[in-house]
Amino acid sequence: MLFKKTARLMGNHFEFSLLGETEAEVAPYFDYAIGEIQRIEALLTTFSETSVTAAINRQAGIAPVEVPEEVFQLIARSQHLSAITQGAFDLSYGSIDKRFWNFDTQMTALPDPELAQKSVALINYKNILLDEANQTVMLKNKGMRIGFGGIGKGYAAERARMLLKKEGRTSGIVNASGDLAAWGRQENGQPWTIGVADPNTKKALFAGFQISEKAVATSGNYEKYVIINGKRYSHTINPKTGYPVSGIKSVTLIADNAEIADALATPVTVMGIEVGLDFINQLPFIGCILIDDHNQIFTSKNIKLL
């Protein structure tokens, strides 16, 4: 049978699904997974002054901070993703001046281009300095901040999946509020069927596909956006222009690893349909589904929708 448990973690709704004979059999494994994600949240959160992230941000422009190897390696992988996406993915996104981007009903106009550019002036992954020998991280300029919002949920989902597989659970799903990692198969032996949310009606599905031993992440503007002069603008900000992106309602990434899927969803949104798909088509074992503002579906070459 398939058993499920939900929990509020990392500020998001997590759902864990495991196959087992009885609820009592799988219950401890839910607790293992939740404990692992709570551990990761304590390391990475920006909402606690005791986190590693807070320590790095406090020392911006002042001094390097020694960090646990796990965090150092996550930042190093993030830096590699920043390089291959030419900065469309950037941990220093936390530096953005949020005064311009409240995305509420009071936002009726875009800021002046010059002000928008200033709002992202501190975003530059090249100013996140890593010292592998001493395992330290330093933010080069005062006022810089890093945040793991673009990769943290995927990393946590992947770590939970790894833990559950190591503990002998042969089939299940870790769903981190839309960023999910699946392994094994359903009770009937079929791959897991994953739905792509309709960006116009959250509870409806736009399309579906089957996966096993894969991860999926979706980035969409259907929950947080503004419409100005009849045009929809996403809450995702292009770090190069300081302006919100437009033209894409949602991006769904399929990869072997939930961390990678999570981290690439936003950059593809920033790149746009043509450039984003071209980028994904150059990466082996990664697929992409995009829905534009006119509800047209675009997919990478290796995707087959149900």
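Structural data are supplied above this passage.
Residues numbered from 1 in each chain as written. Predicted model: local features only at pLDDT ≥ 70, side-chain atom pairs only at ≥ 80, totals over all residues. Heavy atoms only, no water.

Engineer: If you had to explain the overall build of the protein chain to someone new, which residues and values would you point to?
Structural biologist: A count of helical and extended segments in the protein chain gives seven helices and 15 strands. The C-alpha atoms of the protein chain give 20 Å as radius of gyration, which agrees with the globular expectation for 306 residues (19 Å, within 12%). Reported as C-alpha extents along the three principal axes, the dimensions of the protein chain are approximately 60 × 50 × 40 Å. The buried share of the protein chain, taken over its 306 residues, is 50%. Residue pairs at least 24 apart in sequence account for 60% of intrachain contacts in the protein chain once pairs closer than 6 positions are excluded. Total accessible area on the protein chain is roughly 14700 Å²; 50% of this is exposed by carbon and sulfur atoms. Taken together, the 30 basic and 32 acidic charged side chains of the protein chain have centroids lying 3 Å from each other. (Helix = DSSP H or I, 4+ residues; strand = E, 2+ residues; numbered from the N terminus. Rg over C-alpha atoms; globule rule 2.2 N^0.38 Å. Buried < 20%, exposed > 50% of the residue type's maximum accessible area, 1.4 Å probe, protein only. Contact = heavy atoms within 4.5 Å. Areas by Shrake-Rupley, 256 points an atom, 1.4 Å probe, with all protein chains shown as cover. Lys, Arg positive; Asp, Glu negative; His and termini not counted. Charge placed at Lys NZ, Arg CZ, Asp CG, Glu CD.)

Engineer: Tell me about the environment of glycine 20, and please be specific about residues and values.
Structural biologist: Inspection of the secondary structure puts glycine 20 in the loop between strand E2 (12–19) and helix H1 (23–44). Under the relative-accessibility criterion, glycine 20 is labelled buried at 10%. In this structure, glycine 20 is in contact with Met1, Phe3, Glu25, Val26 and Arg169, ignoring residues within four places of it in sequence.

Engineer: Can you lay out the side chain of glutamate 158 for me, pointing to particular residues and giving the numbers?
Structural biologist: Looking at where glutamate 158 falls in the secondary structure, it is placed in helix H5 (residues 152–166). Here alanine 258 takes part through its backbone nitrogen, which lies 2.8 Å from a polar atom of the side chain of glutamate 158. Residues contacting glutamate 158, with those up to four places away along its chain left out, are Ala181, Asp256, Asn257, Ala258 and Glu259. (Polar contact = N/O pair within 3.5 Å; in protein donor to acceptor, adjacent residues only side chain to side chain.)

Read these as spatial facts, not as claims about activity.
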